[in-house]
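# Secondary and tertiary structure notes
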Amino acid sequence: MSVPTTEPVLDVGVIGAGPSGLVLAKQLADTGATFTVFERHRDVGGIWDIDAPGSPMYESAHFISSKTLSGFAGFPMPDDYPHYPSHRQILAYIRSFAEAYDLRRHVEFDNGVDQAKTDADGLWVLQMADGSERRCRYLVCANGVTWEPNEVTWPGQETFTGEIRHSVTYRDAAEFAGKRVLVVGAGNSGVDIACDASFAADRAFLSVRRGYHFIPKFIGSTPLDVFAHDGPKLPKFVEKRFFRYLLRAITGDLTKYGLPKPDHDILESHPLMNTQILHYLGHGDCIAKRDVERFDGDHVLFTDGSREQIDLVIAATGYHHKSAFLAEDVFEMKDGRPDLYLRMLPRNHDNLAVLGFIEFASAAYENFDRMARVIVADATAASDSPRRRDVRRRRRHHFPDLAGSHTYVKSARHANYVDVETFHEVLDAVTSDITALDG
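So, here's what we can say about the structure. (Residues numbered from 1 in each chain as written. Predicted model: local features only at pLDDT ≥ 70, side-chain atom pairs only at ≥ 80, totals over all residues. Heavy atoms only, no water.)

### Quick look at the overall build of the protein chain
Counting its regular elements, the protein chain contains ten helices and 21 strands. Against the compact-globule benchmark of 22 Å for 439 residues, the protein chain has a radius of gyration of 23 Å, which places it among compact chains. Expressed along its principal axes, the backbone C-alpha trace of the protein chain runs to roughly 65 × 55 × 45 Å. Counting only residues that meet the buried cut, the protein chain has 53% of its 439 residues in that class. Taking all contacts inside the protein chain whose residues are at least 6 apart in sequence as the whole, residues at least 24 apart take part in 67%. Charged side chains of the protein chain number 49 positive and 62 negative; the gap between the two group centres comes to 4 Å. (Helix = DSSP H or I, 4+ residues; strand = E, 2+ residues; numbered from the N terminus. Rg over C-alpha atoms; globule rule 2.2 N^0.38 Å. Buried < 20%, exposed > 50% of the residue type's maximum accessible area, 1.4 Å probe, protein only. Contact = heavy atoms within 4.5 Å. Lys, Arg positive; Asp, Glu negative; His and termini not counted. Charge placed at Lys NZ, Arg CZ, Asp CG, Glu CD.)

### As for the packing of helix 8 (residues 365-379) against helix 9 (residues 386-397)
Contact geometry for helix 8 and helix 9: axes closest at 9 Å, N-to-C directions at 125 degrees. Looking at the two axes, helix 8 sits oblique to helix 9. Residues Ala377, Asp378 and Ala379 of helix 8 pack against Arg387, Arg388, Val391 and Arg395 of helix 9. Here the residues of the contact of helix 8 with helix 9 are counted per class, giving three nonpolar, no polar and four charged. (Axes fitted to C-alpha atoms, helices over the stretch in contact; angles between N-to-C directions. Parallel < 35°, antiparallel > 145°, perpendicular 65-115°, else oblique. Nonpolar A, V, L, I, M, F, W, Y, C, P; charged D, E, K, R; others polar.)

### Re the pairing of strand 1 (residues 10-15)
Counting buried positions along strand 1 gives five out of six residues, so the element sits mostly inside the fold. Sheet topology places strand 1 next to strand 6 (residues 133-141); five bridges connect them, and they run parallel. Looking at the pairing, Val14 lines up with Val140 of strand 6. Here strand 1 pairs with strand 2 (residues 35-38) via four bridges, running parallel. Each bridged residue has a counterpart across the sheet, and for Ile15 the counterpart in strand 2 is Phe38. Read from strand 1 through helix 1 (residues 19-28) to strand 2, the crossover connection turns out right-handed. (Pairing = 2+ DSSP bridges. Right-handed = clockwise from strand over helix to strand, strands pointing away.)

### Points about helix 10 (residues 420-436)
Between the first and last C-alpha of helix 10 there are 24 Å, a value that for 17 residues agrees with the 24 Å anticipated at 1.5 Å per step. Residues of helix 10 that are buried: Val420, Thr422, Phe423, His424, Val426, Leu427, Val430, Thr431 and Ile434. Buried residues in helix 10 make contact with strand 19 (340-341), helix 8 and helix 9. (Expected span 1.5 Å × (residues − 1).)

### A closer look at the packing of aromatic side chains
By the definition in use, this model includes 18 aromatic pairs. Note on Phe331 and Phe357: the rings are 6.4 Å apart at their centroids and 55 degrees apart in plane angle, and the pair reads as tilted. Taken together, the residues span a long stretch of sequence, with Phe331 in the loop between strand 16 (312-315) and strand 17 (333-334) and Phe357 in the loop between strand 21 (352-354) and helix 8 at a distance of 26 residues. Looking at Phe331, the relative accessible area reads 9%, which means it is buried. Positioned over the ring face of Tyr101 is Lys26, at 4.7 Å from the centre of the ring. One cation-aromatic arrangement involves Arg40 over Trp147; the distance from NZ or CZ to the ring centre is 4.7 Å. (Phe/Tyr/Trp six-rings, centres within 6.5 Å; stacked < 30°, edge-to-face > 60°. Lys NZ or Arg CZ within 6 Å of the ring centre and 35° of its normal.)

### Some thoughts on the packing of helix 8 against helix 10
Axis separation between helix 8 and helix 10 bottoms out at 10 Å; the angle between their running directions is 30 degrees. By the angle class used here, helix 8 and helix 10 are roughly parallel. Considering the relative orientation of helix 8 and helix 10, their crossing is left-handed. Across the interface between the two elements, Asn367, Arg370, Met371, Arg373, Val374 and Ala377 of helix 8 pack against Val420, Phe423, His424, Leu427, Asp428, Thr431, Ile434 and Thr435 of helix 10. (Left-handed = near helix turned anticlockwise from the far one by under 90°.)

### Brief notes about the environment of Asp378
Relative to the helices and strands, Asp378 is located in helix 8. A relative accessible area of 0% means that Asp378 is categorised as buried. Taking the C-alpha atoms as reference points, Asp378 and Val391, separated by 13 residues in sequence, lie 6.9 Å from one another. Leaving out residues up to four positions away in the same chain, Asp378 has contacts with Tyr138, Asp350, Arg388, Val391 and Arg395.

Given below as structure tokens:
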């Protein structure tokens, strides 16, 4: 039962004090709006706090975009950071951002939101973990997308004598000592973990269901994103052709590593920023396997007919884009993802926004800053203002093509994918239009 509160109704409630929640807090602090950021853990940082319960972080994790292009707007990462900072350096950087702008004073720590729902007046009522209740006129979900693991089951799994764990439970390579380890899934975290298993396990295997492009983090000594950013601006078809030839020269024929040939062109899927795994595959420290077909006692059978005795399976099978504190029917869904205008505004709710449910081949934090401008402009406008009316109209009737000229792999992972340049053009136009309203 909730404990009644006498606290006034907030203009804006923000759930989550990770990077996106802090970006929102910084912008909201420059308005006259009353707001609070609700964080269930003891400090800011979100997933980058490896000690926060439920964090998917692991000891070998590093940023997959470079420090040069990955910082918060107007707040670059320290000069003494390496090109690709570790998770501990990223956490320290996030906390220094919060310190620099005095953002912790806006956060209520150690008190998560268990449930959020609207009342008869359309206000959001937040049932807090401590039993209390908060209310706000506008709610922003900044809780991120890597807290709810996508658990996969396979035929015969109940007969397996080993251990099956989702990658969210993995922390350190020492867990692999003396074991035959299978990592299922070739996303960035899955391949990182397979690299750890390659040197720490008795035997390491990586199961992939399709072919992928493995992209180097450096071209020469220059981080790839800096190389692409500072190079000449090429037409899209020329850019794709250039990177196709460059990647072919660097990684060669992936089938010679035992991997399937990629079934899509470069730039048509989320970048897999790891060529270290090719080193381990090439040296036999990791063995590539096809998709899992079924389990049989202490063995795993694969779709190519091979089988291996396995002690531990790490399922790097991704996460659900959801907010556990919201009822299942709050978001209208499309291709397994919430259907969000500009990837942040639900089309069926005028006082709800999401920051972070988006996929792009670019660093996140400056994009969050751009997106937050739209959310803050909407959230702080009077309910009957031209600005709020315009955003309400756009939520329902504006369907911009955010993929630009790109074709992306047809999968749940890419359902919310955007071409960054196209997204910026649309976002900047919308921001200019709505901020011009109300004077």
